[in-house]
Amino acid sequence: MRALQLAPLLLLVILTSNAQADVLGWRVGANGWLQNYEGEMRANGDSLDLEDDLGYDDEAGFNFYASFEHPVPLFPNVLVQHTQIDSDGRGSVSGVSFDGVSLNGDVASSLDLTHTDITLYYELLDNWVNFDIGVTARLFEEGAEITDRTSGDKGSLDMDDFYPMVYAELRFDLPFSGWSVGLSGNGTEWDDDSLLDYKLNVAYEFGFGLGIEGGYRNFDFEYDDGKDYADVTIDGAYAGVYWDF
């Protein structure tokens, strides 16, 4: 279902909900993410496997975020996130074409799906069960590039695009313990592209607002504009810290 087809239902839920934060609050956090790359891509030519052809391996990335919540009805809370997904590969191919460039022998490539999210959301439940729902605007900055190391010729696959997405978070606070478990993510089908990005986490918050968290994040992105195509899965464990104030 396309993201815009969900908009009327989302609007109805928001307008019929009175749940919001009781006080003003901020949360800022950062985490590191161990990223495992799988998938394939092509640019007006042949498909190349990220692992077998281009030599991608595990990579370390990061995520920064900040959220602001308030008790004013109908006005959304705000979450801003920035995620680094940026890796290089070294591989060997024979007789393939990428963006009009003939590749033979050793190749060097880069894949950059770094993105920034701006999310507007509402708290539908705010007690030991927490449920948020909203919409996200996600902007990708770059794409992919492959260079033939012998000739120096290079081809590119641009994926610097904007995506509207549906956002949701479900979190359970374990009473009187400081522990919580949760599931959150964004998803969309937009034109011929699809994106599902979610994480499962466990967190512990100390009495003065400092918290630690860890879990698993999965990022599935399918990009298709006819002649160019990418189907990329990036997943792995993550861990970080946050501060509520």
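Read on for a plain summary of the structure. Starting from 1, residues in each chain are numbered consecutively following that chain's sequence as written. A pLDDT threshold of at least 70 governs which residues receive local features in this predicted model, and a stricter bar of 80 or more applies before side-chain atom pairs are shown or counted, although totals over entire chains, interfaces and linings include all residues. Hydrogens and water are ignored here; the side-chain numbers use all heavy atoms of the structure.

What follows concerns the layout of surface pockets. Considering only enclosed or pocket space, the largest pocket measures out at about 1,100 Å³ in volume. Considering every element that reaches the lining of the largest pocket, the biggest residue donor is strand 13 (residues 193-205), with six residues. The residue classification treats Ala, Val, Leu, Ile, Met, Phe, Trp, Tyr, Cys and Pro as nonpolar and Asp, Glu, Lys and Arg as charged. All others, Gly included, are polar. Considered class by class, the residues forming the lining of the largest pocket number 16 nonpolar, 15 polar and 17 charged. In this analysis, the protein atoms alone were mapped onto a 1 Å grid. Cavities are point sets where a 1.4 Å probe fits without being able to get out; pockets are open sets with protein on both sides within 12 Å along at least five of seven lines; lining residues have an atom within 4 Å of a point. Grid points are joined across faces, edges and corners, and a volume is the space filled by probe spheres set on the points. The helix and strand labels rest on DSSP assignments: H or I over at least four residues marks a helix, E over at least two residues marks a strand, and numbering proceeds from the N terminus.

A few words now on the pattern of salt bridges. The working definition used for a salt bridge is a side-chain nitrogen of Lys or Arg within 4 Å of a carboxyl oxygen of Asp or Glu. Per the stated rule, a full pass over the model turns up nine salt bridges. Between E169 and R171 there is a salt bridge, with the nearest N and O atoms lying 4.0 Å from each other. Since its relative accessible area comes to 21%, R171 is described here as partly exposed. In this structure, the salt-bridge partner of D197 is R217, at a minimum N-O distance of 2.7 Å. Of this pair, D197 sits in strand 13 while R217 sits in strand 14 (residues 210-224), and the two are 20 residues apart along the sequence. Considered together, D197 and R217 belong to a single accessibility category, that of buried residues. Each member of the salt-bridge network shares a partner with another, and the members are D117, R138, D197 and R217. Only protein chains enter the area calculation, which uses a 1.4 Å probe; residues under 20% of their type maximum are buried, those over 50% are exposed, and those in between are partly exposed.

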